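A look at the structure
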Amino acid sequence: MNLSPQEAVDLVLETARMGGAQSADVLYEESESLSLDVFEGAMKNLERSDSVGLGLRVLVEGRPGYSFTERLTAQSIKQCAEDALALAAFTDSLGIELPKPVPMQELDLGVYDESALSYGPAKMLEQCLEAEELARTLDSRIVNIPHLGASRSYGRALLGNSEGFRGERRSASVSMGMGVVARDASADKMGWDGATWRQPSGILPPSIARTAVERAISLLGARPIPAGSLPVLFDERVSGQFLGIFLGAFLADSVQKGQSRLVGKIGEKIAPEGFHLSTSPHLRGMSGSRLFDSEGIPTAKRELVKNGILQGFLHNLETSRREGIAPTGDAHRGYTGRVSAGFSNVEIDRTLGKSNEELLSGFPRILHVVKLEGSTGCNAVSGDVSIGVQGFLHEGGSRIPVDRVSLSGNFFDLLADVVGWGDAVRPGVHGQFVPALLVRSLQLAS
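Being a predicted model, the structure only gives us computed values, none of them experimental.

Considerations on the overall build of the protein chain
A count of helices and strands for the protein chain gives nine helices and 19 strands. Rg of the C-alpha trace for the protein chain: 24 Å, near the compact-globule value of 22 Å for 446 residues, within the 12% margin. Projected onto its principal axes, the C-alpha positions of the protein chain cover 75 × 55 × 35 Å. Relative to its 446 residues, the protein chain shows a buried fraction of 52%. Long-range contacts, defined as pairs at least 24 residues apart, comprise 72% of the intrachain contacts of the protein chain with a sequence gap of at least 6. As displayed, the protein chain has an accessible area near 19,600 Å², and 50% of this comes from carbon and sulfur atoms. Computing the positive centroid from 44 side-chain charges and the negative centroid from 54, the protein chain places the two 2 Å apart.

Here it is in structure tokens:
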């Protein structure tokens, strides 16, 4: 017979204590997702998946041992504790102390709304068919709609430790996405739109269809342009994705292992004045929002780059202990893995942001990037950038669609060469509040 999540948390902690652990923490996670795909007026796939798991970390004389189970029977829970205790014999002491309970801020982060759970197959199918029909009527050059689907997801996490901390987080969301193919004499072009929301009322099929069609049509006739250096505006659709490739440089563990170009640069200027980069865990409704981190430390907004000056890095208990600083509340963890650190919503301050039109008007010739084509040519450690892009060349009042070109440079040089940013971020639920980014010069190859 399965135990309840709370019973499982209590049992695994007690078993670890009885087995010799001086302290322990445990993360229980459950998730449910339902997704539906549509192609040519018919439902092609309807899939539901559920998962449950419990991950334990024990500390025996400071030495960690990890184990997890996906069964919540008493026997499995006890075996999980015994495995973690046995593995602790082979590790080195971390020298950390798990946190005791402290009062948390009473904030409604808006990450759970029961209405999301009412988003079922009938409504998903209705909205997908509505979007598909509209997309085919908007422009005769739309020849295919290979990607069309909707989904909902639910998640629950319980965190507990041997010091008495208990915390719970629930989240739910709904999503819809559409990819359409436009064709002319030159080539096919894909246009995509989609978003995730906390309530089904956020999904607007006509808007998704129109945007996807507009984006596909706008890229018809795209061609390479001559190689050289030129200013580049990364649209807010792709700026967070691009930035995310290199955010590992802000992890304290990477810095301490010498795997970040930001080693030794705290207090130095790495970006322009007015540029602020933060981890913002209390943004309402966003995917990374949470009141406590994965080790039970209260979260708070922290600026990692303030006015262009590097302020610090993202820590968990282990990395903060190595530097002799207080825990920062940045720990991340899934039930199957060990504790790491990460952003809880990446945010770039938009106080001094401008519209894309204003940013584009600042240069007589500028590339506006709206699509990235993979990141395999980018190195998160060295910061080297080599990435294919699509977008538009703005020159002399004209707007020319561009493809089959790639940008090269180095992310850390690029960050220092940012000369402006936008005043808007892409809509919906996500973890990247990153506006458009304007870089003075990047090398373009075709």
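Quick notes on the pattern of salt bridges
One pass over the structure, following the stated rule, counts 29 salt bridges. Where Arg170 meets Glu168, a salt bridge forms, and the shortest distance between an N and an O atom there is 3.1 Å. Since its relative accessible area comes to 33%, Arg170 is described here as partly exposed. The class for Glu168 is partly exposed, based on a relative accessible area of 39%. Where Glu395 meets Arg365, a salt bridge forms, and the shortest distance between an N and an O atom there is 3.3 Å. Here Glu395, found in strand 15 (residues 384–395), pairs with Arg365, found in strand 14 (residues 365–373); they are 30 residues apart in sequence, far enough to count as distant. Given the relative accessible area of 34%, Glu395 is considered partly exposed. Counted as one network, the salt bridges with shared partners bring together Asp253, Lys257, Glu318, Arg322 and Arg338.

Rules of the game
- Residues numbered from 1 in each chain as written.
- Predicted model: local features only at pLDDT ≥ 70, side-chain atom pairs only at ≥ 80, totals over all residues.
- Heavy atoms only, no water.
- Helix = DSSP H or I, 4+ residues; strand = E, 2+ residues; numbered from the N terminus.
- Rg over C-alpha atoms; globule rule 2.2 N^0.38 Å.
- Buried < 20%, exposed > 50% of the residue type's maximum accessible area, 1.4 Å probe, protein only.
- Contact = heavy atoms within 4.5 Å.
- Areas by Shrake-Rupley, 256 points an atom, 1.4 Å probe, with all protein chains shown as cover.
- Lys, Arg positive; Asp, Glu negative; His and termini not counted.
- Charge placed at Lys NZ, Arg CZ, Asp CG, Glu CD.
- Salt bridge = Lys/Arg side-chain N within 4 Å of Asp/Glu carboxyl O.

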